[in-house]
Amino acid sequence: MPSEYEREIDEILRRMDEVTPRRSLGYRVSRWLSLRWAAVSGWVRSLPRALPADQLMAGAIVCAVAAFLLRYVVPGLAWWVGLAAVIMFVSAFALSIGQIWGGNRRQVRWRGRVIDLRDGQPTVADRLILWVRRRLRK
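Position numbers for residues count from 1 along each chain, tracking the sequence in the order it is written. Under the rules for a predicted model, residues below a pLDDT of 70 receive no local features and side-chain atom pairs below 80 are neither given nor counted, while totals for whole chains, interfaces and linings still include all residues. As a rule here, side-chain values come from all non-hydrogen atoms in the structure, and water together with hydrogens is ignored.

Teacher, can you tell me more about the overall build of the protein chain here?
Each helix and strand counted, the protein chain has 5 helices and 2 strands in total. Overall, the protein chain shows an N-to-C arrangement of helices and strands of α-α-α-α-β-β-α. The contact criterion used throughout is that any non-hydrogen atoms of two residues lie within 4.5 Å. Of the contacts made within the protein chain by residues no fewer than 6 positions apart, 65% connect residues no fewer than 24 positions apart. For the protein chain, the accessible area works out to roughly 12,200 Å², and carbon and sulfur atoms hold 65% of it. Starting at the N terminus, helices and strands are each numbered in turn, a helix being any DSSP run of H or I of at least four residues and a strand any DSSP run of E of at least two. Computed with the Shrake-Rupley method and a 1.4 Å probe, the accessible areas treat only the protein chains shown as cover for residues.

Would you mind showing me how to read the environment of V65 here?
Within the secondary structure, V65 sits in helix α3 (residues 53-73). For the pair V65 and A85, spaced 20 residues apart in sequence, the C-alpha separation works out to 9.0 Å.

What am I meant to see in the packing of aromatic side chains here?
How two aromatic rings sit relative to each other is given by the distance of their centres and the angle of their planes. Pairing of aromatic rings covers Phe, Tyr and Trp, the last counted by its six-membered ring, and requires centre-to-centre distances within 6.5 Å; plane angles under 30 degrees mean stacked, over 60 mean edge-to-face, and any other angle means tilted. Scanning the model with the defined rule gives 2 aromatic pairs in all. Judged by centre distance (6.2 Å) and plane angle (85°), the ring pair of F68 and Y72 falls under edge-to-face. With F68 and Y72 both in helix α3 and 4 residues apart, the pair spans about one turn of that helix. With centroids separated by 4.8 Å and ring planes inclined at 90°, the aromatic side chains of W79 and W80 adopt a geometry described as edge-to-face. Considered together, W79 and W80 belong to a single accessibility category, that of exposed residues. Using a 1.4 Å probe on the protein chains alone, a residue whose accessible area is under 20% of its type maximum counts as buried, one over 50% counts as exposed, and one in between counts as partly exposed.

So this is what it looks like as structure tokens:
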């Protein structure tokens, strides 16, 4: 019986010593891309989910004022900040229209009273701080 076990062990060791076949370039590239995509998608999933339209609009106004002031100091940067303000404004407008037309129209009620679930929710700044803290802990 020991010789049978020894033969199996020898066979396993022989298989381990064999050189694994080299993978094709396409396989290696697709494997590398899939690993990177998994890392990026995990990072994106960890970002805050919903961005309220009113906070996005406030951010657009802040960026517009910053772009107005930056045009005297750094005109090139002012252009990009202004572009960000326009994109944020259009996004906030689209979000608000989407909430009106296709949003959740169902009212949450408790004991006959309508409950506003947005009261007490963290702002974008609070979410960003929490997200940074979680990232620093890892």
